[in-house]
Amino acid sequence: MKIAVTHQMGQIFQHFGHTEQFKLYDVTDGEITGIKVVNTNGSGHGALAGFLKENGVDVLICGGIGGGAQEALKQAGIKLYGGVKGSADAAVVALLSNSLAFNPDVHCDHHDHEHGEGHVCGDHGCGKH
C-alpha cells in the first residue's frame, strides 16, 4: 500500500489544490518500508488526483479539500482521510494503528464563499485568501 500526505515542512498542508509536495509512504504488512517527498511540479486541483494515481497512491491524508477533488480521488480509487492536522509522520502512524482522527465530511474552507470581488468561488483555483 502507498499512502500520500499533503506536505509542507513536516506538517500536513491544509489546502489540497495548492499542494506543492506530497510525502509518500510505502507500507508492507502494516509497517512503513519507505518514505520519499515528491514535488507536484505545479499541478493544480484537477491534475493532483492523476498525479497521485500515477505514483501508485492508494490512500491520501490531507487537510481541506474541495468536492471536485474528492470526486476525482474517488474516480481514481484513492481513499481519502481529510480534515487532518499536525505532523505528516504522526498521521500515518495513527492511520496504521486505526486511530487517525479525520473528518469524513471535510471540505475546503475557501470554496463556495463570496470574495467581495463580484464572484463566488466554486471548485476552481481562485488564488489565496
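No experiment lies behind these values; they were computed from the predicted model shown. (Residues numbered from 1 in each chain as written. Predicted model: local features only at pLDDT ≥ 70, side-chain atom pairs only at ≥ 80, totals over all residues. Heavy atoms only, no water.)

Asks: Talk me through the pattern of salt bridges; I want residue IDs and the actual numbers.
Replies: Scanning all chains against the criterion turns up two salt bridges. When the shortest N-O distance is used, the salt bridge between Asp26 and Lys2 registers 3.7 Å. You can see Asp26 sitting in strand β3 (residues 21-28) and its partner Lys2 sitting in strand β1 (residues 2-8), a full 24 residues away along the chain. Judged by its relative accessible area of 31%, Asp26 is partly exposed. In this structure, Asp89 and Lys23 form a salt bridge, with 2.9 Å as the shortest nitrogen-oxygen distance. On the criterion of sequence distance, the pair formed by Asp89 in helix α3 (residues 88-96) and Lys23 in strand β3 is long-range, its members being 66 residues apart. A relative accessible area of 35% places Asp89 in the partly exposed class. What makes Lys23 buried here is its relative accessible area of 13%. (Salt bridge = Lys/Arg side-chain N within 4 Å of Asp/Glu carboxyl O. Helix = DSSP H or I, 4+ residues; strand = E, 2+ residues; numbered from the N terminus. Buried < 20%, exposed > 50% of the residue type's maximum accessible area, 1.4 Å probe, protein only.)

Asks: Tell me about the environment of Val38, and please be specific about residues and values.
Replies: By secondary structure assignment, the location of Val38 is in strand β4 (residues 31-39). Taking the C-alpha atoms as reference, Val38 lies 5.5 Å from Phe22; in sequence the two are 16 residues apart.

Asks: Break down the pairing of β1 for me, with residues and values.
Replies: Most of β1 is tucked away: six of the seven residues are buried. Across five bridges, β1 lies against β3 in antiparallel orientation. Pairing of Lys2 across the sheet is with Asp26, part of β3. Taken together, the three bridges between β1 and strand β5 (residues 59-61) define a ladder with parallel strand orientation. (Pairing = 2+ DSSP bridges.)

Asks: Lay out unusual backbone geometry with the relevant residues and their values.
Replies: The backbone phi angle of Met9 is positive, close to 50°, even though this residue is not glycine. Not every positive phi belongs to a glycine, and Asp29 is a case in point at roughly 50°. Following the sequence through the fold, Asp29 ends up in the loop between β3 and β4. Relative accessible area serves as the criterion here: at 76%, Asp29 is assigned to the exposed category.

Asks: A description of helix α2 (residues 67-76) should follow, citing residues and the corresponding values.
Replies: Among the residues of α2, Ala69, Leu73 and Ala76 are the ones counted as buried. In a view along the axis of α2, the buried residues occupy a sector of 65°, so they form one face of it. Those residues of α2 that are exposed and angled more than 90 degrees off the buried face are Lys74 and Gln75. (Arc of directions from axis to C-beta.)

Any functional reading would require information that these geometric values do not contain.
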